[in-house]
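A look at the structure
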Amino acid sequence: MNPFELTAKPLESLIMNWRQMTPVPYDKRTVDPYTRCRAILMNGTEFEQVWYSHQLSRHNGDNELRRQVALLRRLEQQQQKLIGALKPADETILEHTIGYEQLAVDLTAGLAQREDNPYVKQALDFALLEDFDHLYRYANLMEFDDRQHAETLVGRYTEIMPGRPTIAHHRHPFDSVKFHIQNRTASPVTRLCVGIITAAEQQTMNYYMNVAAFYPTAWGQKLYREIGMVEEQHVTQYGSLMDTEPTWLEGLLEHQYTECFLYWSAMETETDPRLKGLWEQLFEQEVSHLHFAANLLETYEGKEASQVIPGGTFPDPLRLCGNIAYVRGVLGGTVCNTALREDWTNVNDLSPQADFFRYQGIVNRDVNDVESHAIIQRVIARDGEDYRFETAPNPVPALRDRREDNTQIGRVQGTPC
């Protein structure tokens, strides 16, 4: 599939009325978990495009160009509003959060397994274990507050158990900035990967930033606040991987191409016939957006789209599916890793003067104040053990005890991995 070879429609013809922007929501009781995940992913992708184009306009003084970008952005906003309306009104903040974290786990694992750049793959594997642990923490919040098993929401496709403990995720900001890729030498898979994962993690960060104050319990608000801070680290890590050299209009084209690829992937892999038709409709709209961005690039910079995206043929579609074996392998081999400037290393290999320990000493001065730990302790105190959905014992022996939350591994030197 090459979207540059498809026919585009005039952008004005894509303006929707309110009825067209109001789809029938999915049924939270019967929806396939990955249909929910696709809706979250595409919502985040549209959000990234909208804010990128706002920044483009704020860094360019040509009002005619800004008008053209405003038209494109309005259409992207329509798409985002339509996708956001797929979430049913009776789906709670926490139920939707479980979808966010399942997406984070299985999207990251899926991208890592198709990634051909070892450095980018390492970044994916590193954050994967943290999102995996976030799923476990939120699932225990759901168990404590609602007596609801999160395994039903993830369809048992994704395990729910400790990963690298969230208390070990809190690192100095300097350690989240990585080397950026170079689009001219990176493969199409890598270029798409970096854009996709940055948008997805940014959407998660924004969601937690906005809903934390609306969660109905004080401990839940604290958990969203804590994990939201980790998502900021993830967005910084992934965003720093993006090539810094493209012009604003080259970046606009890249964004549109990524959106086309994701809508096409959703269309190709969706199991719900109604939603499959919706992804097809939005893919066709996005093709027109792509051609429009290509015309802007040619008009204002005298460049052909092929100079920015050679060839243009999509790689294989991105599939959201279970990745239990892969996640277990990464967890068993890298649970004690942490970040160190542009690299990653075992926490036991850090200098005792490392920024990681200094930051931990400030933020986590009293372990009992760390909500990701406290929520597990609450569940254990009430039920005698934490909540998990495991297909086998945790691959890390130190994380198998269901009657005690491990706050040392990946954080305190000398702790067995």
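This write-up is about the structure you can find in this document. If you're wondering where the values come from, they're calculated on a predicted model, not measured in any experiment.

Describing the nonpolar core
- One finds L107, Y138, I160, I196, Y224, L253 and W279 to be the most contacted residues of the largest nonpolar core, which totals 118 residues.
- Tallying contributions element by element places helix α4 (residues 118-146) first for this core, with 15 residues.
- When neighbours within four sequence positions are excluded, Y224 is seen to be in contact with I93, L94, T97, Y138, L141, Y208, V211, A212 and Y215.

Re the packing of aromatic side chains
- Per the counting criterion, the structure on display carries 21 aromatic pairs.
- Ring centres 5.3 Å apart and planes at 50° place the aromatic pair Y257 and F314 in the tilted group. One end of the pair, Y257, is in helix α7 (residues 248-269); the other, F314, is in the loop between α9 (305-308) and α10 (324-334), and 57 residues separate them in sequence. F314 shares its class with Y257; the two are buried.
- Summarising the aromatic geometry, the rings of Y263 and W279 are spaced 6.3 Å apart at their centres and angled 40° between planes, so their arrangement reads as tilted. Of the two residues, Y263 is situated in helix α7 and W279 in helix α8 (residues 273-301); the sequence distance between them amounts to 16 residues.
- Judged by its relative accessible area of 0%, Y263 is buried.

Digging into the state of the cysteines
- Going through the model one piece at a time under the given rule, you end up with one disulfide.
- Its sulfur unpaired, C193 is 15 Å from the next cysteine sulfur, which belongs to C321.
- Residue C193 is classed as buried on the basis of its relative accessible area of 2%.
- There is no disulfide at C321, and the cysteine sulfur nearest it, in C37, is 11 Å away.
- A relative accessible area of 35% means that C321 is categorised as partly exposed.

Here we look at unusual backbone geometry
- A positive phi angle is found at R147, which is not glycine, with a value near 55°.
- If you trace the backbone, R147 turns up in the loop between α4 and α5 (188-211).
- Classification of R147 by relative accessible area gives exposed; the value is 54%.
- Phi angles above zero are rare outside glycine, and R341 is one such case at about 50°.
- Checked against the element boundaries, R341 lands in the loop between β1 (337-340) and β2 (343-346).

Here is what the cut-offs are and how they apply
Residues numbered from 1 in each chain as written. Predicted model: local features only at pLDDT ≥ 70, side-chain atom pairs only at ≥ 80, totals over all residues. Heavy atoms only, no water. Core = buried A, V, L, I, M, F, W, Y, C linked by side-chain atoms within 4.5 Å. Buried < 20%, exposed > 50% of the residue type's maximum accessible area, 1.4 Å probe, protein only. Helix = DSSP H or I, 4+ residues; strand = E, 2+ residues; numbered from the N terminus. Contact = heavy atoms within 4.5 Å. Phe/Tyr/Trp six-rings, centres within 6.5 Å; stacked < 30°, edge-to-face > 60°. Disulfide = S-S within 2.5 Å.

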